[in-house]
Amino acid sequence: MKHTVVALVEDRPGVLNRVASLFRRRGFNIDSLAVGTTEEVGISRMTIVVDGAEGIADQVEKQLDKLIDVIRVEDMTNAEAVVRELALIKVRCATTQRHEVRDLIEIFRAHIVDVSPDHLMVEIAAEQDRMDAFLVNLRPYGILELVRTGRVAMLRGTGTTAVHEDEPEAIERFHMESGRLPEGKLPYVSD
Amino acid sequence: MKMSGADIVLECLKKVGIDTVFGYPGGVVLPLYDRFPAHPEVRHILVRHEQGGGHAADGYARASGRLGCALATSGPGATNLVTAITTAMMDSVPTLFVTGNVSRNLLGKDGFQEADITGITTPIVKHNYLVMRAQDLAYTFAEAAFIAQSGRPGPVHIDIPKDVFQEEAEFEWPTEVKVRGYAANPRIDPDMIARAADIIDAAERPLIIAGHGVILSNASDELRAFAEKTGTPVLNTLLGLGSIRGDHALAYGMLGMHGSYEANHAASNADVIIGIGNRMDDRALGRFADFNPTAKIVHIDIDAAEHGKNITTHAPVLGDAKRVLQVLTPAVKQNTHVEWVRWIDDLRAEHAYSMQIPSGPEISVQYVVNRISQINDEDLVIVTGVGQHQMWAAQHMKFTHPHQLITSGGLGTMGFEVPAAMGAQVACPDATVWSICGDGGFQMTFQELATMVDEHLPVKMAIMNNGYLGMVRQWQELFYKDNYVSVAMSQPDFMKIAEAYGILGIRVTEKEAVDDAIRAANSHNGPVLLDFQVEAEGNVWPMVPAGASLRETVEAPREQQGVNR
């Protein structure tokens, strides 16, 4: 089963390496990984599609969360979310075929972004099913080149996966008392 | 105040409470070493190999509960730390590893003694840093020390290019550390406490498996109170030994591959298992699929990723063991389980022979470690290597307090015993520290004898010399049809090694001489190397073969029970 996991991470050198290293080490299979900036400076968002059983998704989430540079992890697999990936497709298309190809493109809500006498470049942003169906329909014309981004996802409605720095609960977490750490203080501040 | 990066680093070490650094100099850390004399509060111990420095920092931390620190130069110095870092990681030991690297303009250029050490350590540390500006040093050290010691403790590594040591910056110690991606002390979920309490209250045959987490969170008192209130027998993982007194009425020793017969069968027959600060590891639990599949599992751990990692958990309680027990104990009913405890007691009595100390004329490891334990006071600190002697120490020594047993459980690092004992002695200068050494492991790291001499560290090192890599030989005997390959080792003359380093050496060839040798070592004010010439082919029993379930615990064949072969 495929799981879509969103991780908000510190925008620092080496973070991608930490995440990749974790997946390699624990034997998690990455189907796709998309990384980009967010509404907040200093925070990047990774959308990771992982293939594996239910227990694997749980471990992926928890192990990711354990990385210090990972701020928040959410499993979007069963969430009400908008999920998209983008593809650029260079498809063989003689001028005589343009009409039928353009029909397809319209049906699948894709766009032509480049044209030459014997080919078209098409851009499509779609959820997995629509993307797959589109490619099936284009294939007979001859796909010369294909590039797909990783999947990205965002919750529908007012719920967000964003982190706000001044979230009181988040601040509190760092200052809670502990068996070993004096309340609200660094454990080792000597003065 | 403006100062050099090197001075900032040393100020930071003081701020985070590090009084001792186990280090080895080299080119890129010269600017730092240059400043050590100006900071006499930080004791630098010159080790003989960076791995030794790393294990010493680890032993220091385990013995004291404080942050251990090792320092190395770039390239080979840094890569030599890797085994020690991984050892600390697997056993959750709060440690800080500092390395130098080449100057910033040379990073990534494959210059002399450059290694991508943060790249190398990423999968084996709790967190790491490459500090590119002197002005970032103070915050980095504050955060690193916080991360290393809080939550589930572990090693943190800081890599510093040479010219960052030389760069001047304002030294400002941060007033708070804020790591938004890290919950050091997660909120304890009252619903989960309630669920755990319901399961525990309904139990007829409950059992506690107490691990290293109990020791790391100073939860021994809470563990005892919880066990006594609920009348629950307590087993320990290897690293959990000492979390409850071994002679407590509810303590039943170690479970697992070389756990006692009664412990393994108790674990297989309990109806509720309460794991506290343990990782539900294969060496403790045997084959996961067959680990008591009908028991309800309550698992108290501060690392959420340990919940359900290896076995299905019915009540995963997230939190520090001490704090969880402080909340859980009042929430459970007072109880006793007389029948169940008697069942385990009977099993223990019936199978006492399976862990008997051999009575034959030869010296056995079981006999020696037991005598070391009996002759010394309870505050003895025990450090072991890895293999048969480690398991026999776990079986036949008495453990009365946390931080008493220092052993590489997770990674199983041979050669840990000498440098870790050195670190433990530094942390506890007044304690009697005995290092139970394998003849194989000792030869991996004994260069640190020189460090012990320099620093006047009176560690007692007892080599269990059977001329074999004993545990490997045991496996070849049992699982590879006696096909002994590369396990018989020729030995140097250990007495001459002692002599070469100028320390006391005692060779023991007769069983009658064991006690005197131990007493002589104890009364000698300096490092002692003891060569106990033990039986060659003793086997550790009971044993759960690799990949078997705890129910399949095998005891010694009759002819091996209680006698030398």
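On a predicted model such as this, the values are computed, not experimentally measured, just so you know.

Quick notes on the rules
Residues numbered from 1 in each chain as written. Chains lettered and ligands numbered in written order. Predicted model: local features only at pLDDT ≥ 70, side-chain atom pairs only at ≥ 80, totals over all residues. Heavy atoms only, no water. Helix = DSSP H or I, 4+ residues; strand = E, 2+ residues; numbered from the N terminus. Buried < 20%, exposed > 50% of the residue type's maximum accessible area, 1.4 Å probe, protein only. Contact = heavy atoms within 4.5 Å. Phe/Tyr/Trp six-rings, centres within 6.5 Å; stacked < 30°, edge-to-face > 60°. Lys NZ or Arg CZ within 6 Å of the ring centre and 35° of its normal. Domains from an automatic or database assignment. Pairing = 2+ DSSP bridges. Axes fitted to C-alpha atoms, helices over the stretch in contact; angles between N-to-C directions. Salt bridge = Lys/Arg side-chain N within 4 Å of Asp/Glu carboxyl O.

The secondary structure content of chain A amounts to five helices and nine strands. Along chain A, from the amino end to the carboxyl end, the secondary structure elements read β-α-β-β-α-β-β-α-β-β-α-β-β-α. Sorting the 191 residues of chain A into buried and exposed places 40% on the buried side. In chain A, once contacts between residues fewer than 6 apart in sequence are set aside, the share between residues at least 24 apart is 73%.

Moving on, we get to the packing of aromatic side chains. All names here are of chain B. Under the definition given, this model contains eleven aromatic pairs over all chains. What links up through ring pairs into an aromatic cluster is the set Phe442, Phe446, Phe494 and Tyr501. Across the ring face of Tyr468, the terminal group of Arg473 is positioned such that the distance to the ring centre comes to 5.6 Å. Its guanidinium or amino end placed over the ring of Tyr367, Lys511 lies 4.8 Å from that ring's centre, counting from NZ or CZ.

Looking now at the domain arrangement of chain A. Structurally, chain A comprises domain 1 (2-79) and domain 2 (81-148). The C-alpha-based centres of domain 1 of chain A and domain 2 of chain A are spaced at 30 Å.

Let us look at the sheet that holds strand β4 (residues 70-75) of chain A. Residues and elements named next belong to chain A. Pairing in this open sheet of four strands is antiparallel, and the strands run β2-β3-β1-β4 from one edge to the other. Taken across any chain shown, the strands that pair with only one partner, and hence form the sheet edges, are β2 (29-37) and β4. Shown here is a sheet whose adjacent strand axes are inclined to one another by a mean of 20 degrees, direction ignored. As paired strands, strand β1 (residues 2-10) and β4 are joined by five bridges and run antiparallel to one another. Counted as the bridge partner of Val9 is Val70 from β4. Helix-sheet contacts for helix α2 (residues 54-66) involve β1, β3 (43-51) and β4, and the interaxial angle to β4 is about 160 degrees.

It is worth spelling out the environment of A:Asp11 at this point. Residue and element names in this part refer to chain A. Secondary-structure assignment places Asp11 in the loop between β1 and α1 (15-26). Of the residues examined, Asp11 reaches a relative accessible area of 48% and is grouped as partly exposed. The sequence separation of Asp11 and Val41 amounts to 30 residues, and the corresponding C-alpha distance is 8.2 Å. Apart from residues no more than four positions distant in its own chain, Asp11 is found in contact with Gly42, Ile43 and Ser44.

This part covers the pattern of salt bridges. Inspection of the entire model under this criterion finds 44 salt bridges over all chains. The partner of B:Glu455 in a salt bridge is B:Arg43, and the shortest N-O contact between them spans 3.0 Å. Highlighted residues: B:Glu455 in helix α20 (residues 449-455) and B:Arg43 in strand β3 (residues 43-46), separated in sequence by 412 residues. What makes B:Arg43 partly exposed here is its relative accessible area of 32%. Each of A:Glu10, A:Arg12, A:Arg18, A:Asp69 and B:Arg180 takes part in salt bridges that share partners, so that together they form one network.

This part is about the sheet that holds strand β13 (residues 296-301) of chain B. Residue and element names in this part refer to chain B. Pairing within the open sheet is parallel, and its six strands lie in the order β11-β10-β9-β12-β13-β14. One side of each edge strand has no neighbouring strand; the edge strands of this open sheet are β11 (251-254) and β14 (315-318). The mean inter-strand angle of the sheet, taken between neighbouring strand axes irrespective of direction, is 15 degrees. Lying over the sheet, helix α15 (residues 338-350) contacts β9 (206-210) and β11, oriented at roughly 50 degrees with respect to β11.

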